[in-house]
Each structure stands twice: as structure tokens, then as C-alpha cells.
Number of protein chains: 2
Amino acid sequence: MTVKKRSQRVLSHHSPIFRRLKDLGPIDVDALNAVASLSGHEIEIPRGADFVTRGTVISHAFAIETGWAMRYLLTRDGRRQITSLVLPGDLVGYESALVGRAAHTVCALTNLKAFAFDASDLLDILYAHPSLMRILAWRQDSEITAMDESSLRLGRFSAEQRLAHFFADLWRRLRRVGHADDRGFDLPMTQSEISDALGLSLVHTNRRLQEFRRDGVLAIDNGRLRIGDAGRLLELASGRGAGAHALGA
Amino acid sequence: MTVKKRSQRVLSHHSPIFRRLKDLGPIDVDALNAVASLSGHEIEIPRGADFVTRGTVISHAFAIETGWAMRYLLTRDGRRQITSLVLPGDLVGYESALVGRAAHTVCALTNLKAFAFDASDLLDILYAHPSLMRILAWRQDSEITAMDESSLRLGRFSAEQRLAHFFADLWRRLRRVGHADDRGFDLPMTQSEISDALGLSLVHTNRRLQEFRRDGVLAIDNGRLRIGDAGRLLELASGRGAGAHALGA
DNA sequence: CGCTCCTTTGATCAGAATCAAACAACGTGG
DNA sequence: CCACGTTGTTTGATTCTGATCAAAGGAGCG
């Protein structure tokens, strides 16, 4: 892995990780200070690098500061499924602190800046501050909830719906952290990557995207997604029902 | 919801939850005792009942003792995606202890016996015993890992592979807890439910299952899945690759 | 006996994959 | 500065997996 290590230091107070922590409700100051005192180093990870690999013993975890990454799996014949996007403020590889090795493979979608810190330090802090452990559990559960949604998308939505749902979801996520406005957001993904997130073929993805463009729903150009018709987009994306009657439905 | 409450008591030492806890590595006796002293009541939940509903405020969580359940979502037009199976030894609704409300909807696939306990008691215990919180986080991460696998299945596997992978995975899970042997296991799911777990239509699922039967791979009769050719099954199921080169693959 | 739930069958249709190739943008080294 | 390789997007033609529609058997049950 080609990473550039930089200054040894502590987590910046401006790191998106703090914004995220505060989003999750009140934390006691002690816990926050403990996180702030985590020592580690800023690293840069080049696009395309697998910086965490499933099954390997890794000694540190990463807090993503800028850039996007993806969790993914490969089929035996080399096709890919992107299972989750990792955005600024997300933690990667922390599970190594719990289990000793990485449970996922994560690859940089863009050049990344991340804060790398010792996984065992993290474990210590989590033990010392149950409220942080609780927040970790909370976030993991959010991830599970998000993956439920993603399963519905993969299992039951048409290509058009999958795309709409995917972009709508990203839009929401990015607005929450100030990386998107009403008109759109920067989307550093190729159509091939989008396909691999949605379980579609590249060609089909391309055609549906062109349709969106023609219909004025949205258009991607130059790494930026522009929302043309938010109403229509959300309409297409909202394939999910309320959730009542289950068996036999 | 039609549930039958029974004796108010503490968690049985024979509950699958303990077996599961011990699987996850050494726990200090204190923590184990704390879990054992959780007070609650045994309940019976009838097949088809949604016993946890997303978004609702619930005061208790459930440890499944016997029977199967499912986490699921519905599309707006009433189709269903089963996102995860809940087996004996699994915890359901614990997230309400972290966040205050249920994050998932869970429905009984069979009649269930479960131990219902106060979510806030659980939270207390988790705070008092960080090692338990760690185990919770560990299990959540396992769930995420399992869902990654499920995304690959939904996004990139053929119907035949999905079925094989699904059954192989279930077989493994059930053997680990002594609910399956070399020849097969009890499968309390209708073909409709299997379809909804795999993102397939009922008709198509039925046809692929018949093919499996004809080819002697496996056969389902009377709620029991019999493995005919384990080698072939695992071969079909093993669509996943090692996981190296990511971008552009 | 008549439901209801589940499985099976047949026929048709369509969404999306696949194959093949051109085109466009970009960075690099000669 | 341009030829060239690489990466990403677009187009066209064709095939096929799996969805949908419709309905008939089976099995269990009150």
C-alpha cells in the first residue's frame, strides 16, 4: 500500500469525526477529550489503494477526513459489489480493535486524507468511556439499518429506482455534513463504480443515466451531480413502504 | 401483537444466548453473572407477528430461545425484502436501549419462544461491563459482515448461486449452534419467504429448487432441507473471490 | 366441506446482461 | 507538441435470465 505518512500529532478539532460525534447526542466532555487526545498521524491514501484488507491483522484504524472510500467484495470471477460508501467522518478498521483483525476490505475512491491511530488506544478509550462504546454501537446499528435499505434496493428495485434511491440517499447524507446543497453535489465515482454499488451492468447504468439526463431528473457532468427535478427524483427513490403486514404480503 | 406472557423470571442458563456469548471469547464472570441476573419474562410469539416495529418506542429487547424470525422491509407496492434471518441465540430490539426506539422491523417466521427483558436494564449492564459492550459491538460488526455477503449475493449472483449460497450459509450457521448435521437441517421457511430473502420471484425460486432436487444437490420436503451433494452445493455457493485489486477490476 | 396457504405448471414478456466497438478526455514520454 | 496508452463514456445489436400473468393441484384445518 502506498501511503504517505505525515506529521505525528493528535486529531484535529476540525476533523469531521467530531461533527459526527456531536450529531449523536450529548457526550460527556471527558469522553470527547479522550478522543481528542488520541495520538496518531495524518496520512494520504491514493485513489485505488486498498488501505484495509479483510482478514489482515492491522494495528490501526482510520478516521476519514476528506475523500471517499468504499467497502467491497469480489466474486470469484472478478466482478465487484460495493457494499457501502465511506464518507468523511466515517471510521474504518475500528473493528480490528474489537476482534484483532480487519473484517472488511476498504478501497479509496478518491485520494484520501485520513487520521490513522492505534486500534488498541481506541479500545482503551472505549473501555474507559462506555458512552463512546455506546456511540460506536449506535453507529454500527445505523450502518445495519442503511444496509437493510440497500438490500431492499438490490433485491426489489428496478434499475431506475436503484439509481434514484442511491443518489437521493447520498444527497441526504452529504447535505447533513455540508457537502451538498439544493442543486447537487460532487460525485467522485465512475459509472462503473456506480454500477458495482447497485448490482447493475455498466452499459445499463449508462443508459439509465442518460434517460435521467434527457428527462431532466438529474445529470452528472465533470464529477458533479446536478439535481434537475428533486420531486421526481424523490418520487422514484421512495419505493419503500411503511412496513406493516408481513407474512403473506 | 398477540403474545403470551409467562412466568416472570431470569434468563435460563441453558438459553442459547449464553452459548453465543461464550463463543465470542472469554468474558469475565462478573459480566456473565450480570447477564444471568437480567430479569424479564419468557414470552411466546406466534408465527407471523411483528414483535418489533421500526420507529416504535419499545421498552424491552428479546433474546430468541427457539424459533426463527426475520428482519424485513416492504416496498411501497407491498413487495418484501427479507434483510436478515434471526435465529436462536440472537438478540432483537437491543438497539432501543441505545437509541430509544426500534430501528428494525422483526417478524416471527415460526412460533417463537423468547426472553423479554427491559432495554434499560440491558443498557445499565452494558455500561457496567464494557466487555459486554465490546461483545455487542463485535456482534454488530459480524452482522455487517454478513450483510456485505448478502449484498454480493443480491447484487452479483445468479438465482442458482443465490439459493446455493443462502442454504450453504444457513447450514454453516446452524451447525455451529447444533441445529444441523451433515445431512441437512429443519428449514421453517416457505418458498415465498426464501424468494423474498433472495430478491427472486416465487415462481423462479420454485423452478430452481426443483432443478436442485432433480440434480440431487438438495431437496426440501416437509420443512426439512436435505443435502444431496454437499460438494456441488458449496461449489455453487462459493462465488466469492479472495479480494485483491479493486478499482477497474 | 370449504377455506386458506403453499407448491407446481404453463405461457409470455421484459428488463437487464453481454458482446463488440467507437469515441472522448487526459496524462505522459518521446 | 504530438502520438500513444489508459481510463471512462457512449452506442448498437443480440441474448437470456428471471419477472409476470394465470390457473391448477395439494395439504392442513376449523
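Described below are features of the structure shown in this document. (Residues numbered from 1 in each chain as written. Chains lettered and ligands numbered in written order. Predicted model: local features only at pLDDT ≥ 70, side-chain atom pairs only at ≥ 80, totals over all residues. Heavy atoms only, no water.)

**Remarks on the overall build of chain A**
When helices and strands are counted, chain A shows 9 helices and 13 strands. Computed over C-alpha atoms, the radius of gyration of chain A comes to 19 Å, within 12% of the 18 Å expected from 2.2 N^0.38 for 249 residues, which places it in the range of a compact globule. By its C-alpha atoms, chain A is 50 × 45 × 40 Å across when sized along the principal axes. Taking the contacts inside chain A whose residues are at least 6 apart along the sequence as the reference set, 73% of them involve residues at least 24 apart. For chain A, the exposed area adds up to about 10400 Å²; of that, 50% sits on carbon and sulfur atoms. (Helix = DSSP H or I, 4+ residues; strand = E, 2+ residues; numbered from the N terminus. Rg over C-alpha atoms; globule rule 2.2 N^0.38 Å. Contact = heavy atoms within 4.5 Å. Areas by Shrake-Rupley, 256 points an atom, 1.4 Å probe, with all protein chains shown as cover.)

**Observations regarding helix α5 (residues 130-156) of chain A**
With 27 residues, α5 of chain A extends 39 Å from end C-alpha to end C-alpha; this agrees with the ideal 39 Å at 1.5 Å per step. Within α5 of chain A, 22 of the 27 residues are buried, leaving the element largely enclosed by the surrounding structure. (Expected span 1.5 Å × (residues − 1). Buried < 20%, exposed > 50% of the residue type's maximum accessible area, 1.4 Å probe, protein only.)

**Quick word on the sheet that holds strand β13 (residues 224-227) of chain A**
Residues and elements named next belong to chain A. The 4 strands lie next to each other as β10-β11-β13-β12, forming an open sheet whose pairing is antiparallel. Where the open sheet ends on each side, the last strands, each with one partner, are β10 (180-181) and β12 (218-221). Pairing between β10 and strand β11 (residues 184-186): 2 bridges, direction antiparallel. What sits directly across from alanine 180, in β11, is phenylalanine 185. (Pairing = 2+ DSSP bridges.)

**As for the relation of the copies chain B and chain A**
Copy one and copy two of the chain differ by a rotation about a common axis and a shift along it. Of the transformation placing chain B onto chain A, the axial shift is 0.0 Å and the rotation is 180°, giving an RMSD of 0.0 Å. Accordingly, the operation relating the two chain copies is best matched by a two-fold axis. The share of interface residues of chain B whose copies in chain A are also at the interface is 100%, consistent with both copies meeting through the same surface. (Least-squares fit on C-alpha atoms with pLDDT ≥ 70 in both.)

**Brief notes about unusual backbone geometry**
Residues and elements named next belong to chain A. Positive phi, close to 60°, is recorded for asparagine 222, a residue that is not glycine. Inspection of the secondary structure puts asparagine 222 in the loop between β12 and β13. The class for asparagine 222 is exposed, based on a relative accessible area of 81%.

**Overview of the protein's contact with DNA strand C**
Close to DNA strand C lie 16 residues, the nearest being Ala159 of chain A together with Arg47, Asn206, Arg207 and Gln210 of chain B. Across the atoms of DNA strand C situated within 4 Å of the protein, the share located in sugar and phosphate is 63%. With respect to DNA strand C, the backbone of glycine 199 of chain A contributes an N or O atom lying 3.4 Å from a phosphate oxygen. Broken down by secondary-structure element, the contributors of at least two residues to the surface near DNA strand C are α8 (202-214) of chain A together with α8 (202-214) of chain B. Per element, the largest residue contribution to the surface near DNA strand C is 6 residues, and it comes from α8 of chain B. Of the residues that constitute the surface near DNA strand C, the class distribution is 5 nonpolar, 8 polar and 3 charged. (Near = heavy atom within 4 Å. Polar contact = N/O pair within 3.5 Å; in protein donor to acceptor, adjacent residues only side chain to side chain. Nonpolar A, V, L, I, M, F, W, Y, C, P; charged D, E, K, R; others polar.)

**Quick look at the interface of chain B and chain A**
The interface is formed by 66 residues belonging to chain B together with 66 residues belonging to chain A. Both faces considered, chain B and chain A share a buried interface measuring about 5900 Å² in area, 55% of it formed by carbon and sulfur atoms. Run the count over chain B and chain A and you get 8 salt bridges. The closest approach of N and O atoms between arginine 156 of chain B and aspartate 196 of chain A, which form a salt bridge, is 2.6 Å. One can count 26 residue pairs in polar contact (both at pLDDT 80 or more) joining chain B with chain A. (Buried area = accessible area lost by both parts, 1.4 Å probe. Salt bridge = Lys/Arg side-chain N within 4 Å of Asp/Glu carboxyl O.)

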